[in-house]
Amino acid sequence: MGMAASQARYLSLLARQSNLEYQGQQINQERSILSQQCTALYNSLLSMVVPTPPATTDFQTVKYTGEMGATKYSFDANSIRPNGGDTYSVTMQEQKHGDSLQKNTQIALVDSTAAGGFKGVEINTSASKTTTTTVSTGRMLPDSKGTKYLVPIPESTIEAGTVGTYYKASGNGYVMYNGPADAECYRLGTKTEGAIQVSEETKEVKDVTNDGIGFIQRSELSGIYVLENGEVRAATLNDFTQSENTPNILKFKSGVTYIQQSPDGKSYQAKGDVAGVTVGGKGVHKMTEEEKQKYGDAIANCGLQDKDGNTYGPDDFLMYYDDKGGAVFVLESDVFDGNNNAITYSYVPNGEFSKSQTYDEAKLVFDPTNGRITEIAIPNYDEDGNIASWTSISVKAETVVDEAAYNDAYAKYEYDTYLYDQKNKEINAKTEIIQQEDKNLELKLQRLDNERTQITTEIEAVEKVINDNIEGSYKTFSG
């Protein structure tokens, strides 16, 4: 090999050796970064908190129950706050009987753009109310072999406006019709004295007219108003006479002016009505004094409170009457909160209700053996707000578990466990990827090292050739 060629080869090999060493340094740097990432993942794995399942003991509390007359009382240990001295603040749940409000499950639509007022005509309560009804196509014929009996309705038991399915004599038979009862009416019954034995024969019967004086169906109440002192207000059940036997029939009272909605009638604005607002398709109104007196206890007993714990009163509600004449209430704040929907509450007379009551100056009697309460005395206040007397109630203790809270906590534990497992799997997957990348870099570094070893060997051989050439040349000239 010539001297020039050997020198060129030698320089080329040195350049390749330097390049391989640089690539090796880069790979080592990448492996160092991967090592730091892997360490960070391990540290995050170590910092993870392993979820622990909830214990039922964490959700146990001591519940106290007692009775006084028809009222049932209950409270738990968490509802007791010391006041200092010998009195405590105790929040109790009281289960009583009386008028109350029941929350309706269906949310009512609020329309704030409804037309205000209404059109109506004055009802002539002294005139007959005429209704045309298509009756059943049946004709009762006298027949001693029949299996049905018609029983006459005694005149003394007939109430004006009592509507039902009755029978009247017609020709040589008895025809069914739907209308108010009178002295000439019969009803189906059993074989008794005076009963008429009949059989049934099918026959077409045309529409008939029923005459009833001074009554409306209860479902019509929402369209009836009363004129008082020159002002119109929505009619209530108190404006009519009702019978226990026919609660759906409302009879007009004498001396009262009634107005019924009519599209071609006079324009009215009802006193107390909130113009332009309907709830569930019904016009709402502020409660009258009579309505406050009738439904005030129900509102107080329902125990509804605002977000600050203040109890709602009659002035906080609007109301209307449904198609069956039942009183329905809605919070005025719900109507005007801009959500276009509201929760409604129906009036429940003489029902069972539960309300929360806090007594700030209650006295407690404890069992010295176990520290549990055996008696609570709640204060009774006079008109001046001073304690006039105490009502003592014997109570018994029972350890109870808040199942709903425990189930919620266990569901959270299962969710946290799922997140923990997912995070663990994610860290392991990332670690495996890093380890695989490090292995690939290690293999690449090994290939570079093998190549560098080969080049080093070749450089040594070239250096020997160059040295031999130099030595041969000096010997030649030194001859």
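Scroll up a little and you will see the structure.
For the structure given in this document, a descriptive report is provided here. (Residues numbered from 1 in each chain as written. Predicted model: local features only at pLDDT ≥ 70, side-chain atom pairs only at ≥ 80, totals over all residues. Heavy atoms only, no water.)

## Points about a nonpolar patch on the surface
A contiguous nonpolar surface patch, about 270 Å² in accessible area, is contributed by Tyr381, Ile387 and Trp390. Considering the arrangement of structural elements, one finds Trp390 in strand 29 (residues 387-394). (Patch = residues over 30% accessible without salt bridge, like charges linked within 9 Å, V, L, I, M, F, W, Y side chains within 5 Å. Areas by Shrake-Rupley, 256 points an atom, 1.4 Å probe, with all protein chains shown as cover. Salt bridge = Lys/Arg side-chain N within 4 Å of Asp/Glu carboxyl O. Helix = DSSP H or I, 4+ residues; strand = E, 2+ residues; numbered from the N terminus.)

## A word on the nonpolar core
By size, the foremost hydrophobic cluster in this structure holds 25 residues, and its most contacted members are Leu101, Phe240, Phe317 and Phe329. Elements that contribute at least two residues to this core include exactly strand 16 (224-228), strand 19 (249-252), helix 2 (289-302), strand 24 (317-321) and strand 25 (327-331). Per element, the largest residue contribution to this core is four residues, and it comes from helix 2. The residues touching Phe317, leaving out its near neighbours within four places in the chain, are Leu101, Lys286, Met287, Ile299, Leu304, Tyr312, Phe329, Val330, Leu331, Glu332 and Tyr345. With 17 residues, the next largest nonpolar core counts Tyr10, Cys38, Leu441 and Leu448 among its residues. (Core = buried A, V, L, I, M, F, W, Y, C linked by side-chain atoms within 4.5 Å. Buried < 20%, exposed > 50% of the residue type's maximum accessible area, 1.4 Å probe, protein only. Contact = heavy atoms within 4.5 Å.)

## Considering the sheet that holds strand 19
Pairing in this open sheet of three strands is antiparallel, and the strands run 15-19-18 from one edge to the other. Each having just a single partner strand, strand 15 (215-217) and strand 18 (240-241) make up the two edges of the open sheet. The sheet contact formed by strand 15 and strand 19 spans three bridges and is antiparallel. Counted as the bridge partner of Gln217 is Ile249 from strand 19. (Pairing = 2+ DSSP bridges.)

## With respect to the environment of Thr125
Checked against the element boundaries, Thr125 lands in the loop between strand 6 (118-122) and strand 7 (128-133). Classification of Thr125 as partly exposed rests on a relative accessible area of 26%. For the pair Thr125 and Gly214, spaced 89 residues apart in sequence, the C-alpha to C-alpha distance is 5.1 Å.

## Some thoughts on the pattern of salt bridges
Applying the stated criterion across every chain yields a total of nine salt bridges. The residue Glu289 makes a salt bridge to Lys292 at a minimum N-O spacing of 3.6 Å. Note that Glu289 and Lys292 are positioned in helix 2 at a spacing of three residues, about one turn of the helix. The closest approach of N and O atoms between Asp416 and Lys412, which form a salt bridge, is 2.9 Å. Placement of both Asp416 and Lys412 in helix 4 (residues 403-478) is noted, with a separation of four residues, approximately one turn of the helix. If you follow the salt bridges from partner to partner, you end up with Glu289, Lys292 and Asp315 in one network.

## Quick notes on helix 2
Taking 1.5 Å per residue, 14 residues should reach 20 Å; helix 2 reaches 19 Å between its end C-alpha atoms and fits that length. Along helix 2, the positions that sit buried rather than exposed are Glu291, Tyr295, Gly296, Ala298, Ile299, Asn301 and Cys302. In the core, the buried residues of helix 2 are packed alongside strand 4 (88-103), strand 23 (282-286), strand 24, strand 25 and strand 27 (344-366). (Expected span 1.5 Å × (residues − 1).)

## Examining the sheet that holds strand 21 (residues 266-268)
Pairing within the open sheet is antiparallel, and its five strands lie in the order 17-16-20-6-21. Both outer strands of the open sheet, strand 17 (231-234) and strand 21, are each paired with one neighbouring strand and no more. Taking the axes of each pair of neighbouring strands and ignoring which way they run, one obtains an average angle of 45° across the sheet. As paired elements, strand 16 and strand 17 share four bridges and run antiparallel to each other. (Axes fitted to C-alpha atoms, helices over the stretch in contact; angles between N-to-C directions.)

## Considering the pairing of strand 5 (residues 108-111)
Of the two faces of strand 5, only the one carrying Ala108 and Val110 is buried; Leu109 and Asp111 on the other face are not. Two strands pair when backbone bridges link them, and strand 5 and strand 26 (residues 341-342) are joined in this way by two bridges, in the antiparallel orientation. When the sheet's bridge partners are listed, Ala108 is paired in strand 26 with Ala342.

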